Amino acid sequence: MALEISLKKRILRDALISLFIYALPVLLLLGWFAYKGEKPWQNHQKAVQTSARE
Amino acid sequence: MVHLIEDIFKNLNGWGLVTLTFILGIAEFSLGLYGKKWNTNEKLLDIACFTLPKLVIKPLVAYVGVTFLPLVIPAAKDSLTWIPFAFGALIIAIYDDLTQYWYHRLHHQVPFLWRFHRTHHSAPYMGMAMASRQNIIYTIFFSQTYLTTVLVYVGLGYPALFVKGLKSLITLLAHSSIKWDKPFYEIKWLNPIAWVLERTISTPATHHAHHADSADDGVGYYKGNFGNMFFLWDIIFGTALITRQYPAGYGIKNYKEEEWYAQFLWPIFKSKKEGSELSKGGPEVEDEVEALQPLFEKAEYHAY
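Residues numbered from 1 in each chain as written. Chains lettered and ligands numbered in written order. Predicted model: local features only at pLDDT ≥ 70, side-chain atom pairs only at ≥ 80, totals over all residues. Heavy atoms only, no water.

Q: Explanation requested: the overall build of chain B in the structure shown.
A: Each helix and strand counted, chain B has twelve helices and zero strands in total. Helices and strands appear in chain B in the N-to-C order α-α-α-α-α-α-α-α-α-α-α-α. Its C-alpha atoms give chain B a radius of gyration of 20 Å, near enough to 19 Å, the size a compact globule of 304 residues would have. Taken along its principal axes, the extent of the C-alpha atoms in chain B is 55 × 50 × 40 Å. Evaluated residue by residue, chain B yields a buried proportion of 54% over its 304 residues. A separation threshold of at least 6 residues defines the contact pool for chain B, and within that pool the share at least 24 residues apart is 71%. Here chain B holds 26 positive side-chain charges and 27 negative ones, and the gap between their average locations is 4 Å. (Helix = DSSP H or I, 4+ residues; strand = E, 2+ residues; numbered from the N terminus. Rg over C-alpha atoms; globule rule 2.2 N^0.38 Å. Buried < 20%, exposed > 50% of the residue type's maximum accessible area, 1.4 Å probe, protein only. Contact = heavy atoms within 4.5 Å. Lys, Arg positive; Asp, Glu negative; His and termini not counted. Charge placed at Lys NZ, Arg CZ, Asp CG, Glu CD.)

Quick look at the structure:
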């Protein structure tokens, strides 16, 4: 049994909105660090590299 | 204080929730909230759904987190531990619950998927006993479980502890036959809190409506109210109905009291009940005409 076209369109539209919602907390996180002028992921990378050398 | 809260959630994610489910289940049963509908077939199904996934699925998820992911993405382990707790919690909450919203919604809207979710809706009652009542295939492919396992693996385990605990509490209480939300509608000064609550999280009123056996009374709404922890998704996508009332009947109209093992293990085991959706050669969706009705014309939420 096939899906109705209107339902398909509705699902597709809501899926696109969902992609935006999934991106929201990541964008918020990056915005927060941009505002604070911090790049904690760089410190984390350095720490990982240092511990790997030890 | 922080340690106390941490301990509570650690406990909840361990055996705490199972114990809580038992206690509430016993309370519901003692209060006669299941009526006479909890017969042997229903009991066996609810008990199988409650216990067996814990013995099969939990080790599978543990295997994914402990063995499979380190093999496939070894460098990603703990790579996001720099994310602050609040953001980690927000990420887990949205990713886990929005994914479950879609998983759930598609099982209602795609006819091919309906029979994998039907077991959860066949119960003619609400309560703790049916909160985990699902077909095994539906449980195995619970998409958000694996997504959250990946997020825990990359370093969001600590916020996940709290979000998962809170989510389990909300979804358990939304399925309960104890209508904890009723005072919020009846006591006037609590009304504003109710307004926020019912739009944010799943409540017995909105989730019971999803389990109604009919939509004719304007209270039941099994074609919407798909949210699990957050009801907000239903508000955003127009699949919400808020009435602050509880349906008169639960379950599905075409329920033939299919054998517990067929409901639990379909399509591995099929029902012997003639004409059943779970029988050999049975219809994908029995009320096909009704299922094809436009789903969204009625999808509006009451102006409370």
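Next comes the rest of the account.
Q: Teacher, can you tell me more about a nonpolar patch on the surface here?
A: All names here are of chain B. Judged by side-chain polarity, Tyr63, Phe68, Leu71, Val72 and Ile73 come together as a nonpolar surface patch covering roughly 500 Å² of accessible area. By the element assignment, tyrosine 63 lies in helix α2 (residues 40-72). Residue class for tyrosine 63 comes out partly exposed when judged on its relative accessible area of 46%. (Patch = residues over 30% accessible without salt bridge, like charges linked within 9 Å, V, L, I, M, F, W, Y side chains within 5 Å. Areas by Shrake-Rupley, 256 points an atom, 1.4 Å probe, with all protein chains shown as cover. Salt bridge = Lys/Arg side-chain N within 4 Å of Asp/Glu carboxyl O.)

Q: Would you take a moment to explain the interface of chain B and chain A for this structure?
A: Much of the literature gives interface size as the accessible area that the parts lose upon coming together. Each side of the interface is counted separately: chain B has 30 residues, and chain A has 23 residues. Taking both partners together, chain B and chain A bury about 2,400 Å²; carbon and sulfur atoms supply 75% of that area. The interface formed by chain B and chain A holds one salt bridge in total. With a shortest N-O distance of 2.8 Å, Arg105(B) and Asp14(A) are connected by a salt bridge. At the boundary of chain B and chain A, one finds five residue pairs in polar contact (both at pLDDT 80 or more). Mapped onto the side of chain B that touches chain A, the elements with two or more residues apiece are α3 (85-109) and α10 (232-237) of chain B. (Buried area = accessible area lost by both parts, 1.4 Å probe. Polar contact = N/O pair within 3.5 Å; in protein donor to acceptor, adjacent residues only side chain to side chain.)

Q: For this particular structure, what's the right way to read the packing of α3(B) against helix α6 (residues 143-175) of chain B?
A: The axes of two packed helices give the description: the angle between them and the distance between them. Residue and element names in this part refer to chain B. At their nearest, the axes of α3 and α6 sit 8 Å apart, and the two run at 105° to each other. Comparing their axes, α6 and α3 come out roughly perpendicular. The residues of α6 that touch α3, namely those facing Phe85, Gly88, Ala89, Ile91, Ile92, Ala93, Tyr95, Asp96, Asp97, Thr99, Gln100 and Tyr103, are Ser143, Gln144, Leu147, Thr148, Leu151, Leu156, Tyr158, Pro159, Ala160, Phe162, Val163 and Lys167. Considering only residue class, the contact of α3 with α6 consists of 15 nonpolar, six polar and three charged. (Axes fitted to C-alpha atoms, helices over the stretch in contact; angles between N-to-C directions. Parallel < 35°, antiparallel > 145°, perpendicular 65-115°, else oblique. Nonpolar A, V, L, I, M, F, W, Y, C, P; charged D, E, K, R; others polar.)

Q: Got a minute to help me understand the layout of surface pockets in this structure?
A: A water-sized probe rolled over the atoms picks out the places where empty space is left. Residues and elements named next belong to chain B. In this structure, the largest pocket spans a volume of roughly 1,400 Å³. If you trace the largest pocket, you find 45 residues lining it, with Lys58, Phe142, Thr145, Lys164 and Ser168 closest to the centre. When residues of the lining of the largest pocket are traced back to their parent elements, those giving at least two are α1 (2-30), α2, α3, α4 (111-122), α5 (136-140) and α6. Of all the elements, α6 adds the most residues to the lining of the largest pocket, at 15 residues. Among the residues making up the lining of the largest pocket, the classes are represented as 18 nonpolar, 22 polar and five charged. (1 Å grid on protein atoms, 1.4 Å probe; cavity = no way out; pocket = protein on both sides within 12 Å on 5 of 7 lines; lining within 4 Å. Points joined across faces, edges and corners; volume = space filled by probe spheres on them.)

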